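Chain residues, written in single-letter form:
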Amino acid sequence: SQEGAPRENVSADEDSHSERRRLTVSSRMLFEIGNIGVNVLPYSLTTEQFDLLEYDEKLWEAVKKGYDLLSYGDNTERRLAMKLRERGFMADIAEDAAAYLVSEGVIDESGQLERFVTGLAEKKHYGPARIRQEVIRHGFSREIVSEKLNSLFEEIDFYSQLMYLLERKCDISSLDDMKYRQKLYAAMQRQGYSYSDIKDAVRDLVSNETEES
């Protein structure tokens, strides 16, 4: 676990002047700047070490806020960085904090993408085009999308999803009306289905209705 180190006095020396500051960072961040441990503080720091430690203090605050935001639900790395910026953190701090949480395995975009895509298909009955739009809007990394999205699509029966929508929204008796048909097709295209798939599904819907009559 990355618990914050206790607040300790540290000093920075530059041109024979010293400054005492109280900083809070994670234990890992503290050890990464050099051979420093809680038992050897106060510790005389170089300017470079102090600047790094000061940056790590801000980073640790962003990381803690990131953990808090993630407790409310999934976030991609990009989306979390955006939320941290909205809460007042500088862009580089926000991006580094989000990247840190990815490296710790707290943000699993691959698993998030699978849940996100499955939910859009099963609950909202979106087609592939609409799902792809939502995935991009949600901020998933291009690498994860390129690697996983097509294989996830192969596991979804989009034909059944489209037929489910048409069975509830299509008035077969009105299909001869061009305006109605255009309106229906436009609605299905907004759901993410192609014109050709909609046309085939409507034909099958009419054929099934005829057979049952």
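Going by the structure above, here's the rest.
Residues numbered from 1 in each chain as written. Predicted model: local features only at pLDDT ≥ 70, side-chain atom pairs only at ≥ 80, totals over all residues. Heavy atoms only, no water.

Draft legend 1. Up close: the environment of Tyr159. Its location among the elements puts Tyr159 in helix H8 (residues 158-169). Since its relative accessible area comes to 40%, Tyr159 is described here as partly exposed. With 32 residues separating them along the chain, Tyr159 and Gly127 place their C-alpha atoms 8.9 Å apart. Non-local contacts of Tyr159, meaning those with residues more than four positions away in its chain, are made with Ala201 and Asp204. (Helix = DSSP H or I, 4+ residues; strand = E, 2+ residues; numbered from the N terminus. Buried < 20%, exposed > 50% of the residue type's maximum accessible area, 1.4 Å probe, protein only. Contact = heavy atoms within 4.5 Å.)

Draft legend 2. Region of the structure containing the pattern of salt bridges. What the rule picks out here adds up to eight salt bridges. A salt bridge links Lys65 to Asp68; the shortest N-O distance between them is 3.7 Å. In this pair, Lys65 and Asp68 are both assigned in helix H2 (residues 47-70), three residues apart and thus about one turn of the helix distant. Here Glu167 and Arg168 are joined by a salt bridge, their closest N and O atoms 3.7 Å apart. One salt-bridge network, in which partners are shared between bridges, spans Arg130, Glu134 and Arg137. (Salt bridge = Lys/Arg side-chain N within 4 Å of Asp/Glu carboxyl O.)

These figures come from the coordinates and say nothing about function on their own.
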